[in-house]
Structures are given as structure tokens and as C-alpha cells.
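# Survey of secondary and tertiary structure
The primary structure of each chain is shown beneath.
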Amino acid sequence: MKLKLDITPDLAAMMAAEIKAGERAVTTATREAGTGLKTAWRGQITGAGLGQRLARTIRSEQYPKGRASLSAAALVWSKAPVIIGAHDTGPLIRSRDGFWLAIPTPAAGKSTRGGRITPGEWERRSGLRLRFVYRRTGPSLLVAEGRLNNRGRAVASRSKTGRGLATVPIFLLVPQVRLPKRLDLARDARTAQEALPGTIVAKWVAGKFE
């Protein structure tokens, strides 16, 4: 006697199809989570007034590339990690040499190389000497004897009589300064992580993948 057992539907085929559905669900949900986190971080940066240029340093990438996987992962990062990290943590900044941090006033202008101008560069550019003024309360100063031009910048006075000459604060001197915390990137990362399992299940059950 011969017995023949046919299983309908094909269980092996069903299992294979279910695995493929799971791979697509995990991959799609992970990609959306990474893209959403990138958008959220960029929104935080522009909302904090740090500009579109810094916001565009936030990037996202999907792994593995080019195929679906139950082990799919998304990486979100910044191409300017030091700047982003500083605004995310609010670090305490001290002078490298252990003395003063020189913070330029509007009268100092900007560096020709971009960013904040240093006392040495300012003296070379203006031709004026800076003078240290100690104050017991409030920050000490680096001042110069000059005049303010129509843009509010301190320049050398051309007057032979001293007309318009004034003592202009060029730099504020402080021993340290704490950069204000302007971002909370971990908050958005937690939100994305907590939402991911539910998104995977919803896509797996519905069978809707992009």
C-alpha cells in the first residue's frame, strides 16, 4: 500500500513569500525612519537659527544597499559632527593656553578667513594696538584708540587734532564660556526608534511597500 500526502497550499512557498514580505517591510520601514530622522534633525537645526547650510550636513544612508533584508539598518549622521555636537551638548569652552577667551565685539568686524577674528589678526589689519583693561566686575577688555566708521567698525583716526578719537572696546575677555545647548538630537532619535517596530508590523500585515 502506498500513501501520498499532498499539502495545499505549498507551505514552503508560503514561508518563502512571508520571509520576502518581512524583508520588504523591515527595509521600507527602516528607510522611512532614517529619512524621517534626517528631516527632524534638519528641522531642529534651522529652528534653532543655525542655518540651512549646517542643516544640510545631516545625511542618511540605508544598509544593505540595493536589496531588502530582515537586518536592514539606517544610518543618520552629520558631515560637521564637531559643530553639531557642540550645539547638542552645550560644552564649557576654555582658552587653549589657559588664559582668556577673546570674544570680538561688533567693532572688531569679521575675519578675512571667515569666522571670528583674533586679536592678532585685528592688530595686523587695523594697524592699531590693543590695550588690556582689567575689570573686577564683568568681562575684562581689549580696547583700541580709534574711531568708528559708518559701518560701526573701529579704524585708525586720520584726524591730526584727535577729533572723533575714542577708546573703543574691541574684544571681551572671559576665562571660559558655556555654549548654550540649542539641539536635542537624542529626543528625535528615541522617537524614531520607538515608532519603528509598529511601522514594520503595519507594513508587513498590510503588504504595502514602496
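Up top is the structure these notes are about.
Description of the structure in this document.

Cut-off values and rules
- Every chain is numbered on its own, with residues counted from 1 as its sequence reads.
- Per-residue local features are limited, in this predicted model, to residues with pLDDT of at least 70; the limit for side-chain atom pairs, both in listing and counting, is 80 or more; totals at the level of whole chains, interfaces and linings are taken over all residues.
- Excluding hydrogens and water, the side-chain figures rest on all heavy atoms present in the structure.
- Runs of E in the DSSP output that reach at least two residues are strands. Runs of H or I that reach at least four are helices, and both are numbered from the N terminus.
- Partly exposed describes any residue whose relative accessible area lies between the buried limit of under 20% and the exposed limit of over 50%, with all areas from a 1.4 Å probe on protein chains only and scaled to the type maximum.
- The criterion used for residue contact is that any of the two residues' heavy atoms lie within 4.5 Å.
- Exposure was quantified through the Shrake-Rupley algorithm and a 1.4 Å probe, taking into account, for residues, occlusion by the shown protein chains and nothing else.
- In this text, buried Ala, Val, Leu, Ile, Met, Phe, Trp, Tyr and Cys residues form a nonpolar core when linked through side-chain atoms within 4.5 Å.
- Only centres within 6.5 Å qualify two rings of Phe, Tyr or Trp (six-membered ring in Trp) as a pair; their planes then separate them into stacked at under 30 degrees, edge-to-face at over 60, and tilted for everything else.
- Should DSSP find at least two bridges between two strands, the strands are regarded as paired.
- The salt bridge definition used is simple: a Lys or Arg side-chain nitrogen within 4 Å of an Asp or Glu carboxyl oxygen.

### Considering the overall build of the protein
- Counting secondary structure elements, the protein contains five helices and nine strands.
- Of the regular secondary structure in the protein, the N- to C-terminal order runs α-α-β-β-α-β-β-α-β-β-β-β-β-α.
- Buried residues in the protein amount to 30% of all 210 residues.
- Taking the intrachain contacts of the protein between residues at least 6 apart in sequence as the baseline, contacts between residues at least 24 apart amount to 61%.
- Of the roughly 14,500 Å² that the protein leaves accessible, carbon and sulfur atoms contribute 57%.

### Section: the nonpolar core
- Of all hydrophobic cores here, the largest spans 15 residues; its most connected members are L37, W41, I45, L50, L54, I84 and L183.
- Looking at this core, the elements with two or more residues in it are α1 (11-47), α2 (52-55) and α5 (185-206).
- A108, A144, I170 and L173 belong to the second largest nonpolar core, which has 13 residues in total.

### A look at the side chain of T30
- Inspection of the secondary structure puts T30 in helix α1.
- Other than its neighbours up to four places away in sequence, T30 contacts Q62, A72, A73, A74 and L196.

### Some thoughts on the packing of aromatic side chains
- Counting across every chain of the model gives one aromatic pair.
- When the centroid spacing of 6.2 Å and the interplanar angle of 45° are considered together, the rings of W100 and F132 count as tilted. Taken together, the positions of W100 in the loop between β3 (92-94) and β4 (101-104) and F132 in strand β5 (residues 131-133) put the pair 32 residues apart, joining distant regions of the chain.

### Section: the pairing of strand β6 (residues 140-148)
- Here three bridges tie β5 to β6, and the two strands are oriented antiparallel to one another. Paired with R131 across the strands is V143, a residue of β6.
- Both β6 and strand β8 (residues 166-174) contribute to a ladder of seven bridges, which runs antiparallel. Counterpart to L142 in the pairing with β8 is F171.
- Both β6 and strand β7 (residues 154-155) contribute to a ladder of two bridges, which runs antiparallel. From the neighbouring strand, R147 faces β7, where its bridge partner is V155.
- The antiparallel pairing of β6 with β7 creates a hairpin that spans five residues between the two strands, and G152 there sits at a positive phi of about 80°.

### Focus: the pattern of salt bridges
- Enumeration according to the criterion identifies six salt bridges in this entry.
- Residue D88 is joined to K181 by a salt bridge in which the shortest nitrogen-to-oxygen separation is 3.6 Å. Taken together, the positions of D88 in helix α3 (residues 81-89) and K181 in the loop between β9 (176-178) and α5 put the pair 93 residues apart, joining distant regions of the chain.

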